[in-house]
Amino acid sequence: AGRLDTEKIRLDFPILQRVLRSGSQLVYLDSAATTQKPLQVLDAERDFYLQHNAAVHRGAHQLAEEATEAYEAARESIAAFIGAREDEVVFTKNATEGINLVAYALGNGGRIKAGDKIVVTEMEHHANLVPWQELARRTGAKLEWFPLTDDGRLDLETIDDLLTDDTALVALTHQSNVLGTLNPVGLIAERAHQVGALVLVDAAQSVPHRPVDVSRLGVDFLAFSGHKMLGPSGIGVLWGRQELLADLPPFLTGGSMIEIVTMEHSTYLPPPQRFEAGVPMTAQAVGLGAAVEYLNALGMERVMQHESELTAKALELLGQIPGVRIVGPPELRDRGATVAFTVDGIHPHDVGQVLDEHGVAVRVGHHCARPIVQRYQIPATTRASFYVYNTTDEVEALADGVRAAQKFFG
Ligand code: PMP
């Protein structure tokens, strides 16, 4: 398959050349929060506004036609990228909105009702937890969850108790944004379907990093964000099985999603239009289409391999530093390119500050998954995350920075 040419890739990301206040060049290890954008994505958005800008799906003029074509071509690229049909790809603002869309539609459509069980996991990002808490509150459904093992995996021993005839939905993350854990989504989906439950996957940390094919994954809904995969902010994707989407009522209502409107009532277009009320995030969709083409050119197998090498290096180098504790599964094959850790005796915010002085950008805190830090009784963690433009030298800079923090605070 060959390897990624990071030196060449980095030329597409001018921001990586920035020299910061500290005098250090940027070492960007925060791609799990948001990724940097290549020139190809920025150019695609700019070209859209410079040459083709118009409101899509309306207007009898040439620009409206071109804008619609560009928007739908992006949908086509993204559908192919995840192995989906085009009419199964709904553009949203981000993963959060996609998950909320499903939560509202399932509740309003009566698919989830009082007494039903909604099953999540203890490692969810708040985006895949709070919408289900709210749905449970609105409908009278019960919320239950897979607990975690000490080494950061789902405790599957509880599966028979969790997946029962009254389970209506299982919502889980494909890859944890804190622990890095890759979850056995296919296996859980199979068991969930046996009891008639629907399965939603939060793919915000998987679709950007590894090949994901919804035609083989065996789930019902999947949500992700463009800004975590080289695309612009303000655009995300909800994928859903055609027959399920066709059965769901809309989330937001208004223009662009209706068929016939009278003063008394309205009928709605089929998916995906039913779920895209108003003028959509057109340039952002075009930008995400360009991001997907960029990733296709790199090859997702190679992207995954590259990140795996960086993760191995990080586990090795951080593992050699006394006092550093890595959270999540110890085995490389069970995790993605996210390494969160604590340093004995030093608060994560202080670690982050020393790293920042070395130009190393990481995230510190609970990473929007507060139940995880409660589960492991740690105040917070420092999280490094890797992507296509990162190098092993940058992983070394991370380890050097952690040692400098120990020297400074020790
Ligand atoms: N789920 C996971 C696993 C995430 O890592 C994130 C972003 N940190 C989200 C959901 C939410 O993504 P967004 O804020 O783009 O909606």
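Just so it is clear, the structure is predicted and the values come from calculations on it, not from any experiment. (Residues numbered from 1 in each chain as written. Predicted model: local features only at pLDDT ≥ 70, side-chain atom pairs only at ≥ 80, totals over all residues.)

### With respect to the overall build of the chain
(1) Moving on: Check the secondary structure of the chain and you find 14 helices and 15 strands.
(2) Moving on: A burial count over the chain gives 49% of its 410 residues as buried.
(3) Moving on: When contacts within the chain are restricted to residue pairs at least 6 apart in sequence, long-range pairs at least 24 apart make up 72% of them. (Helix = DSSP H or I, 4+ residues; strand = E, 2+ residues; numbered from the N terminus. Buried ≥ 20, exposed ≤ 12 C-beta atoms within 10 Å, placed from the backbone. Contact = placed C-beta atoms within 7 Å.)

### As for the sheet that holds strand β12 (residues 338–343)
(1) Moving on: The antiparallel open sheet is built from four strands, whose spatial order is β11-β12-β15-β14. Every interior strand has two partners, whereas the edge strands, β11 (324–326) and β14 (363–365), have only one. Between one strand and the next, the sheet's axes are offset by a mean angle of 30°, whatever the strand orientation.
(2) Moving on: Where β11 lies against β12, three bridges are found, and the strand directions are antiparallel. Its bridge partner lying in β12, R325 is registered against T342.
(3) Moving on: On top of the sheet, helix α11 (residues 300–319) reaches β11, β12 and β15 (381–385); it is set at about 10° to β12, its chief contact. (Pairing = 2+ DSSP bridges. Axes fitted to C-alpha atoms, helices over the stretch in contact; angles between N-to-C directions.)

### Some details on the UniProt feature "domain: Aminotransferase class V" (unreviewed entry) in the chain
(1) Moving on: On the UniProt side, "domain: Aminotransferase class V" (unreviewed entry) is annotated at positions that read residues 27–398 here.
(2) Moving on: Along residues 27–398 one finds 38% helix and 17% strand; the C-alpha atoms at either end are 8 Å apart. (UniProt positions renumbered as here; feature names shortened; annotations may be inferred.)

### Thoughts on the packing of α11 against helix α14 (residues 392–409)
(1) Moving on: Axis separation between α11 and α14 bottoms out at 9 Å; the angle between their running directions is 25°. Taken together, the axes of α11 and α14 lie roughly parallel to each other. Handedness of the crossing formed by α11 with α14: right-handed. Contacts between α11 and α14 involve L310, K313, A314, L317 and L318 on the former and, on the latter, T392, V395, E396, L398, A399 and V402.
(2) Moving on: Taken together, the residues of the contact of α11 with α14 break down into eight nonpolar, one polar and two charged. (Parallel < 35°, antiparallel > 145°, perpendicular 65-115°, else oblique. Left-handed = near helix turned anticlockwise from the far one by under 90°. Nonpolar A, V, L, I, M, F, W, Y, C, P; charged D, E, K, R; others polar.)

### Topic: helix α5 (residues 130–139)
(1) Moving on: Of all the residues in α5, the buried ones are P131, W132, L135, A136 and T139. Buried residues in α5, looked at end-on, bunch into an arc of 140°, giving them a common side.
(2) Moving on: Here the buried face of α5 lies against α4 (95–108), β3 (117–121), β4 (142–146) and β5 (167–173). (Arc of directions from axis to C-beta.)

### Overview of the site of the ligand
(1) Moving on: Around the ligand, 13 residues are found, and the nearest of them are N94, T96, H125, N177 and S225.
(2) Moving on: In terms of residue class, the shell around the ligand is made up of four nonpolar, eight polar and one charged. (Near = placed C-beta within 6 Å.)

### A few points about the domain arrangement of the chain
(1) Moving on: Domain annotation of the chain identifies domain 1 (6–30 + 300–409) and domain 2 (42–296).
(2) Moving on: Averaged C-alpha coordinates put domain 1 and domain 2 at centres separated by 28 Å.
(3) Moving on: Listed as interface residues are 24 residues of domain 1 and, on the opposing side, 21 residues of domain 2.
(4) Moving on: Counting only elements with at least two residues in the side of domain 1 that touches domain 2, the list comes to α11, β12, α13 (370–375) and β15.
(5) Moving on: When the residues that make up the side of domain 1 that touches domain 2 are grouped by side-chain class, the tally is 13 nonpolar, five polar and six charged. (Domains from an automatic or database assignment.)

### Examining the pairing of β3
(1) Moving on: Burial analysis of β3 places five of its five residues in the buried class, which makes it a mostly covered element.
(2) Moving on: Judged by which residues are buried, β3 turns out to be covered on both faces: K117, V119 and T121 on one side and I118 and V120 on the other are all buried.
(3) Moving on: Here five bridges tie β3 to β4, and the two strands are oriented parallel to one another. Within β4, the position partnered with V119 by the bridge is E144.
(4) Moving on: Of the crossover connections in this fold, the one passing from β3 over α5 to the parallel β4 is right-handed.
(5) Moving on: Of the pairings in the sheet, the one linking β3 to β5 comprises three bridges and is parallel in character. Counted as the bridge partner of K117 is T167 from β5. (Right-handed = clockwise from strand over helix to strand, strands pointing away.)

### A short note on the sheet that holds β3
(1) Moving on: Across the sheet, seven strands lie side by side as β2-β8-β7-β6-β5-β3-β4; this open sheet has mixed pairing. Since the sheet does not close on itself, it has two edges, and those belong to β2 (89–92) and β4, each with one partner. Mean inter-strand twist for the sheet, computed between neighbouring axes without regard to direction, equals 20°.
(2) Moving on: The sheet strands contacting α4 are β2, β5, β6 (198–202), β7 (221–225) and β8 (236–240), and the helix crosses β8 at an angle near 40°.

### Some remarks on the nonpolar core
(1) Moving on: In this structure, I118 and L169 are the most contacted members of the largest nonpolar core, which totals 121 residues.
(2) Moving on: Residue contributions to this core peak at nine residues, all from helix α10 (residues 282–298).
(3) Moving on: Per-domain counts for this core show at least three residues from each of domain 1 (6–30 + 300–409) and domain 2 (42–296).
(4) Moving on: Contacts of L169, omitting those with residues within four sequence positions, involve L106, I112, I118, A197, L198 and L200. (Core = buried A, V, L, I, M, F, W, Y, C linked by C-beta atoms within 7 Å.)

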